[in-house]
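If you want the building blocks of each chain, they are given just below.
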Amino acid sequence: MAELNLLLFGPPGAGKGTQADRLQADFSLPFISTGDMLRANVKDGTELGQQAKQYMDAGDLVPDELIVAMAAERLREQDARDGFILDGFPRNLEQAKALDEQLSELRRHVTAALLIDVSDDEVVRRISGRRVCVKAGHNYHVEFDPPKREGVCDQDGSRLVQRDDDKDEVVRKRLEVYHEQTEPLVEYYDEQGVMRRIDGTRSPADVHDHIRAVIATLRLEEDV
Ligand code: AMP
């Protein structure tokens with residue numbers, strides 16, 4: 001089977017995490033989120049975490065030199081040999097070029113860049129209700145995906161909180177950064193012929209079906 005090297009794009013709150021969970025189950029690929037990796041470093045108080053925290057709290061991008069090495073190392077791990085689902089990386093043109101270099105060293109390339117598209121207003125509406133569990137980062141939404149008991153994670157019983165960077169003013173800053181720095185990557189991957197757009201305003205099940213159809217088509221094209 002051909003390897004499946006997938007990138008998930010879209011503004012914060014587009015539903016990338018939800019779709020990544022489903023795709024991970026469909027294709028048994030590791031889900032690699034640079035945001036999750038950074039948050040784990042912050043929580044563990046590593047040097048990287050200490051350096052990254054100020055940028056994350058402000059909704060800014062963490063400097064490329066910190067991120068690129070972390071992502072490159074992760075992609076070389078054994079479980080990513082047959083493919084991966086990358087969420088949150090690359091976030092700007094420099095990172096995209098660095099990723100291409102890393103992959104070409106391994107004689108690999110991006111199979112598809114999936115853009116899950118939603119408007120800024122929808123992003124703000126979705127994120128303000130988002131909650132995560134303090135233990136493992138399981139995601140909920142007070143309106144669309146509430147836990148069985150308010151404020152408590154269904155999966156591990158830990159407390160649910162709002163991420164610092166999900167607060168309103170930080171979300172607006174993250175959107176600004178997304179439009180300025182990450183959106184230009186749509187053109188970059190369009191030129192490589194791997195960009196695929198998905199309407200992220202539809203239900204999670206519909207978005208999932210659409211992504212699966214896109215991947216099935218890509219596989220057929222590769223087999224031809
Ligand atoms: P996320 O969970 O992907 O929205 O990431 C949360 C925060 O982590 C972002 O707002 C950035 O501060 C930082 N971050 C995550 N991935 C990257 C990246 N590829 N480049 C720079 N900063 C990142």
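Refer to the preceding data block for the structure.
Not measured: the values here are computed from a predicted model. For every chain, the first residue of its written sequence is number 1, and the numbers climb from 1 along that sequence. This being a predicted model, a pLDDT of at least 70 is required before a residue's local features are given, and a value of 80 or more before pairs of side-chain atoms are given or counted; all residues contribute to the totals for chains, interfaces and linings. The side-chain quantities take in all heavy atoms of the structure and omit both hydrogens and water.

Engineer: Quick one: what's the story with helix α6 (residues 120-128), residue by residue and with numbers?
Structural biologist: When α6 is considered as a whole, its buried residues turn out to be E122, V123, V124, R126 and I127. Packing partners of the buried residues in α6 comprise β5 (130-133), β6 (139-141) and α7 (168-182). Buried means the residue's accessible area, taken with a 1.4 Å probe over protein chains only, is under 20% of the maximum for its type, while exposed means over 50%, and partly exposed covers the values in between. Secondary structure elements follow DSSP: runs of H or I of four or more residues count as helices, runs of E of two or more count as strands, with numbering from the N terminus. By definition in these notes, contact holds between two residues if any of their heavy atoms fall within 4.5 Å.

Engineer: Describe in detail the sheet that holds strand β8 (residues 195-199), supporting the description with residues and values.
Structural biologist: Hydrogen bonds between backbone atoms are what pair the strands of a sheet, whose relative direction is either parallel or antiparallel. DSSP calls a pair of strands paired once it identifies at least 2 bridges connecting them. Taken together, the five strands give an open sheet; going across it, the order is β2-β3-β1-β4-β8, and neighbouring strands pair in parallel fashion. Taken across any chain shown, the strands that pair with only one partner, and hence form the sheet edges, are β2 (31-33) and β8. Taken pair by pair, the neighbouring strands of this sheet meet at an average axis angle of 25°, ignoring direction. Sheet topology places strand β4 (residues 112-117) next to β8; five bridges connect them, and they run parallel. Across the sheet, L115 pairs through a bridge with R197, a residue of β8. In this analysis, axes come from line fits to C-alpha atoms, helices being fitted only over the stretch in contact, and the angle between any two N-to-C directions falls in the range 0 to 180 degrees. Of the strands in this sheet, β1 (4-9), β2, β3 (83-87) and β4 are in contact with helix α1 (residues 16-27), which crosses β3 at around 170°.

Engineer: Quick one: what's the story with the packing of α7 against helix α8 (residues 184-191), residue by residue and with numbers?
Structural biologist: At their nearest, the axes of α7 and α8 sit 5 Å apart, and the two run at 35° to each other. Contacts between α7 and α8 pair H179, E180, Q181 and T182 from the former with P184, L185 and V186 from the latter.

Engineer: Quick rundown of helix α5 (residues 93-105)? Include the residues and the values.
Structural biologist: An α-helical turn contains 3.6 residues, so any two residues separated by three or four positions project in the same direction. Spanning 13 residues, α5 covers 19 Å between terminal C-alpha atoms, matching the ideal 18 Å at 1.5 Å per step. Along α5, the positions that sit buried rather than exposed are Q95, A96, A98, L99 and L103. Projected onto a plane normal to the axis of α5, the buried residues spread over an arc of 165° and lie on a single side. Facing away from the buried surface of α5 by more than 90 degrees, the exposed residues are E101 and E105. In the core, the buried residues of α5 are packed alongside β1, α4 (64-75), β3 and α8. Counted as a polar contact is a pair of N or O atoms within 3.5 Å, where, for protein atoms, one must be capable of donating a hydrogen and the other of accepting one, and residues adjacent in sequence contribute only when both atoms are in side chains. Two to three positions downstream of the cap, the backbone nitrogen of E94 sits 3.3 Å from a side-chain oxygen, assigning the N-cap of α5 to N92. Within two residues after α5, R107 carries a phi angle of roughly 55°, on the positive side. For a helix, the expected span equals 1.5 Å multiplied by the residue count minus one. As used here, the arc belongs to the directions running from the helix axis to the C-beta atoms.

Engineer: So what's going on with the sheet that holds β6? Which residues, and what values?
Structural biologist: Taking strand neighbours across the sheet as the criterion, the three strands line up as β6-β5-β7 in an open arrangement whose pairing is antiparallel. The two strands at the open ends of the sheet, each matched to only one other strand, are β6 and β7 (160-161). Relative to β7, β5 is paired through two bridges, and the arrangement is antiparallel. Bridge pairing in β7 links C133 to L160. Along the sheet, α6 makes contact with β5 and β6, crossing β5 at roughly 45°.

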